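Close look at the chain arrangement
Spelled out, the chains give:
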Amino acid sequence: MSKLLLIEDDHTLSDLLAEYLRAQGCEVLQAFDGEQGLELATSEPFDVVLLDVMLPVLDGFEVLKKLRATHLTPVIMLTAKGDDFDRIFGLELGADDYLPKPFNHRELLARIHAIGRRIDYVKQTSQQVQLLSISHVTLNESARRVCVAGHELTLTGTEFAVLHQLMSHVGKVVSKDALSQHVLGRRLAPFDRSIDVHVSNLRKKIAKYSETNCIQTIRGSGYVFLDH
């Protein structure tokens, strides 16, 4: 069972989604404005937060920014169809994934399950110390910690999973589609920049403590983590 927080100001849509997700075995709490949603998201643990962009009091971006200051709870943004700015901006602020409206309820459930599988994988390996140390970057899978030159980074679950995939295949090109399937649980759609934005976020965080660009773009192919 997943414990979900649904922050959506359209009461009809929120109730329909909550009813569907509960029928699938999920526990769902609902909030109808950004302030109420943020208060709930920071007061108790959730497996996933479903966060609409257009909200009263605090919009979805403000909620996400404030949430990320203290919590790494996985967040799926619910965005307007075709609004690339909302999608990219949400990912840059630390969202794990997005889903444009209108969407199929089964697609939303699939995105939630993909995040759940990633979390389950981490729990299954939590007793095994899997340490990757390449150049100035150290990734401890069991502790879910990443350090650069001795400084610990604060990464979302998606960013951690992307970095783990790249470091596990050091020196080898990992395609964007392979990253999307492993990390997000879906094939990369045309013009989908999700993986690009997650990699960009990683680069910015690593760059705070290192001048070396260890994640290289291979145009038309994907990304490679280099052992400098």
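These numbers come from a predicted model, not from an experiment.

Axis angle and axis distance: for two packed helices, these are the angle between their axes and the distance between the axes, and together they describe the pair. Packing of helix α6 (residues 157–168) against helix α7 (residues 176–184) leaves a shortest axis separation of 10 Å and a crossing angle of 130°. Relative to α7, the element α6 lies oblique. Between α6 and α7 lies a crossing whose hand is right-handed. Facing α6, whose interface residues are T158, A161, V162, Q165 and L166, α7 presents L179, H182, V183 and L184.

Taken in spatial order, the three strands of this open sheet run β10-β12-β11, and their pairing is antiparallel. The two strands at the open ends of the sheet, each matched to only one other strand, are β10 (174–175) and β11 (215–218). Bridge count between β11 and strand β12 (residues 222–225): four bridges; the pairing is antiparallel. By the bridge assignment for β12, Q216 is matched with V224.

Moving on: the environment of N213. Take N213: it is sitting in the loop between α8 (194–207) and β11. For the pair N213 and V48, spaced 165 residues apart in the sequence, the C-alpha separation amounts to 32 Å. Contacts of N213, omitting those with residues within four sequence positions, involve R203 and H228. Among the polar contacts made by the side chain of N213, one reaches the main-chain amide nitrogen of I215 at a distance of 3.5 Å.

Cut-off values and rules
As a convention, each chain's residues are numbered from 1 in the sequence order in which they are written. Where totals are concerned, whole chains, interfaces and linings use all residues; where local detail is concerned, this predicted model gives features only for residues with pLDDT of at least 70, and gives and counts side-chain atom pairs only at 80 or more. Side-chain measures were taken over the full set of non-hydrogen atoms in the model, leaving aside hydrogen atoms and water. Axes, fitted as lines to C-alpha atoms, cover a helix only where it is in contact. Angles between the N-to-C directions of the axes lie from 0 to 180 degrees. Every helix listed is a DSSP run of H or I at least four residues long, and every strand listed is a run of E at least two residues long, numbered separately from the N terminus. Geometric relationships in this document are graded by angle, where less than 35 degrees denotes roughly parallel, more than 145 denotes roughly antiparallel, 65 to 115 denotes roughly perpendicular, and other angles denote oblique. Crossing handedness: left-handed means the near helix sits turned counterclockwise from the far one by under a right angle, and right-handed means the same turn made clockwise. Contacts were defined at the residue level, with two residues in contact if any of their heavy atoms lie within 4.5 Å. We treat two strands as partners when DSSP finds at least two bridges between them. Distance and chemistry together define a polar contact, namely a pair of N or O atoms within 3.5 Å, with one atom able to donate a hydrogen and the other to accept it when in protein, and with adjacent residues in sequence counting only for side-chain atoms on both sides.

This is a description of form; function is not addressed.
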